[in-house]
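Per-entry structural report
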Amino acid sequence: MKNDVSVYEPNQRLKTGILSSYIMMIRNIVASRELIYQLFRRDFVLAYKKSFLGFSWVLISPIVGILSWLLLNGTGVLNPGDLPIDFAPYVLLTSSLWGLFMGFYSSAQATLDAGSGFINQVKFPHEALLVKQTAQHLANFSLTFLVSVVTLLIFGIVPNITIVLFPIVILPLFFLGGGIGLVMSVINVVTPDFVRFFGVFLGFVFYATPIIYSPNIENPLLQSLIQINPLTYLIGAARDIIVSGSIGNIDRFLATSIVSFVIFLISLRLFFVSEDKVIERMI
Amino acid sequence: MEENLVVRVENLSKKFTRNIKHTLIYGTIDVLKSMIGFKPNTAKLRRGEFWALKNINFDLKKGEVLGIIGENGSGKSTLLRLLTGIFPPDIGTVTIRGRIGALIAVGAGFNPHMSGYENIYLNGTILGATTSEIHDKIEEIVNFADIGEFIHAPVSTYSSGMRVRLGFSCAIHFTPEILLIDEVLSVGDLNFRQKCFRKIDEIRKDTSIIFISHNMNQVQRLCDRVIVMDHGEIIFDGETSKGVSHYLEINNQTSQQNSDSFLIVNETTESISKLNLELIDESGVAKASLNYLETLKILTSFESNVEMEEVLIAFVLYSSDGVAITKFGPEGATKIIKGINKFSIEVTQPFFLPGNYYIGFKWREKNNSVIADATTKSFRITQPKDYTVSVGLIDSKSVLTKH
């Protein structure tokens, strides 16, 4: 018989040191890699299994998205400002990067929900769900991303070789989106209104980020919003690494990346100390 | 914790709220407090909160089978969730040695679109087994579940019984050091239930078990010791038969308290009214329980506005879990007169063991139409002080002869 003794007592997680809480979470994730795989398989593969169009759904929504922006641009109602590349591939690329960020956020925000049905029946480390959620999002994203790259090629834009750095450049997007989402997944159990409100706020952030217009847009109000918006730099860098091969605003990108990483670390700790308090409220 | 113990629960309390708004408000406060590093004061009750568990103390020894019994809402399932660490305690500590597995809801995380086979892998990993462990046991699991070709069909096509078979089979095969079983054995058909009991008998050599059930026969069959819970507190901890009898006692009291009338009438024809039935003692006075070996005597009366020549009047005695034990009543058909009818019936030689019982009946006319259908609330056959434990429902005497 194994002799590992576990003790449960009130407010136990608050008594765990900050550093040891990170170590514990990393160990838990490593130990639950099979669980992560099984849940990933359950939710990713099977989402497509029970549909006639299967994986083609991944392509349908970005294509419809591009078409609608092209339509708007063609009518002349949009004035995107100076763009480094054609409008259509620009919107395609930046909006798929926005989608990447939003996916990090919303999949992390559904972390605790992803365990519904067994989260209050079986004990397992819930941080495993974050990994599974993120992996699932990345798997979906890589399919749409492939479509985007092919479309760029059709428009005559050959991605720069620096595209190999893409996985590293998008890390800050994960830290920021995943970090905030993780905290929201806990708050969503007790204050769902707040999370809804935050979702509405993110809809606003979409327009305050240079996605459907150029980062050099002349409108002074929009310019000042763009300047303070961290996503301007994070999404901008990911776009630049594909299109031009060098990151335009590298200082601000690095600073924002560091801040995003700190936000992620803080979020992990907040999740760690608070999530066990909400499980009993999830019934 | 001593070497021979696998579970130790000390001064354990857990509070819940009854109201959704309070749940949200207190939840938000606790989450925010924890996030900024303040420990929420879990030991104090706020408005709208109540103790779902209060000051629970017990130990579980290695290899012991402990039953937890109590009425619905007495805190049994909450206690299991604290033992597995799903819910954190508000006061007190839980110490566990070894891996703990729970059969709380079988088939946790089953995906309806995946085949039974694929779900074994999914469910197994959720229960904490590794893929190679599942690999080694999959054949055994499939055989135990015994659902034939369905194992390769999506779980959504299963009957509820098949789901339970598969879920139970998974759970029981990834046997941890401590197994918690919550009410799951009440489902499934008789054959499968018996198979489960055999499996439990097999694993109990190496596994400590905590068993929650409302079925007292199962509890008596399996448990070395029982805890009786009432409103979140332990009111008894000790020998199984005494615990069961203690539980039945309170159960009976509540049932008596809630009752306006001992007899619950489901249906009568228009011609019958004022149907009544009670247990009576030698002098004809109504009583709520019988002493062990005391004669079972009932008195029944009703008013009929027609005369009926041939009515089959019979009663059935049931055990508390609905097993019909014996039929009694007058031989052949009885004549019912217009006006008040009254019968008393005595069941001689009632060697029924202490426990809870009830009586049901369906009287019919000769043409088979039902004229009255009713059941009584449960009544108790009490346990004498010097009673030695027996198993089952009926007492029988046997003689050993050596050849």
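So, how was this worked out
Along each chain, the written sequence defines residue order, and numbers are assigned to residues from 1. As they are written, the chains are lettered A onward and the ligands numbered 1 onward, keeping that order. Per-residue local features are limited, in this predicted model, to residues with pLDDT of at least 70; the limit for side-chain atom pairs, both in listing and counting, is 80 or more; totals at the level of whole chains, interfaces and linings are taken over all residues. Side-chain numbers come from the whole structure's heavy atoms, not from hydrogens or water. Strand pairing is assigned whenever DSSP identifies at least 2 bridges connecting the two strands. Going along the chain from the N terminus, every DSSP run of H or I of four or more residues is numbered as a helix, and every run of E of two or more is numbered as a strand. To get an axis, a line is fitted to the C-alpha atoms, and for a helix only the part in contact is used. The angle between two axes follows their N-to-C directions and goes from 0 to 180 degrees. Whether two residues are in contact is decided by their heavy atoms: any pair within 4.5 Å suffices. Values labelled buried area give the accessible surface lost by two parts on being combined, using a 1.4 Å probe and summing over both. We define a salt bridge as a side-chain nitrogen of Lys or Arg found within 4 Å of a carboxyl oxygen belonging to Asp or Glu. For this analysis, a polar contact is any N or O atom pair within 3.5 Å, provided that within protein one partner can donate a hydrogen and the other can accept it, and provided that sequence-adjacent residues contribute only side-chain to side-chain pairs.

Turning our attention to the sheet that holds strand E9 (residues 233-239) of chain B. Residues and elements named next belong to chain B. On the basis of which strands lie adjacent, the open sheet formed by six strands has the order E5-E6-E7-E3-E8-E9 and mixed pairing. Looking at the sheet topology across the chains shown, the edges are occupied by strand E5 (100-103) and E9. This sheet shows a mean twist of 15 degrees between the axes of neighbouring strands, independent of strand direction. Of the strand pairs in this sheet, strand E6 (residues 178-182) and strand E7 (residues 208-212) are connected by five bridges, and their pairing is parallel. Pairing of Asp182 across the sheet is with Ile212, part of E7.

Take the interface of chain A and chain B next. Taken together, the contact between chain A and chain B spans 44 residues of the former and 58 residues of the latter. Buried surface at the junction of chain A and chain B, summed over both partners, amounts to about 4,400 Å²; 63% is from carbon and sulfur atoms. At the junction of chain A and chain B, the tally comes to three salt bridges. Between Asp30 of chain B and Arg281 of chain A there is a salt bridge; the shortest N-O distance is 3.7 Å. Counting across the interface, chain A meets chain B through twelve residue pairs in polar contact (both at pLDDT 80 or more). Elements that contribute at least two residues to the side of chain A that touches chain B include exactly strand E1 (5-8), helix H2 (33-49), helix H7 (171-190) and helix H11 (250-279) of chain A.

Next up on the list: the sheet that holds E1 of chain A. One open sheet accounts for four strands, arranged E1(A)-E4(B)-E1(B)-E2(B); its pairing is antiparallel. Both edges of this open sheet fall to E1 of chain A together with strand E2 (49-61) of chain B, since each of them pairs with a single strand only. Strand after strand, the sheet turns through a mean of 20 degrees between neighbouring axes, direction not considered. Where strand E1 (residues 5-17) of chain B lies against E2 of chain B, nine bridges are found, and the strand directions are antiparallel. Pairing of Val7 of chain B across the sheet is with Leu60 of chain B, part of E2 of chain B. Along the sheet, helix H2 (residues 76-84) of chain B makes contact with E1 of chain A together with E1, E2 and strand E4 (91-97) of chain B, crossing E1 of chain B at roughly 120 degrees.

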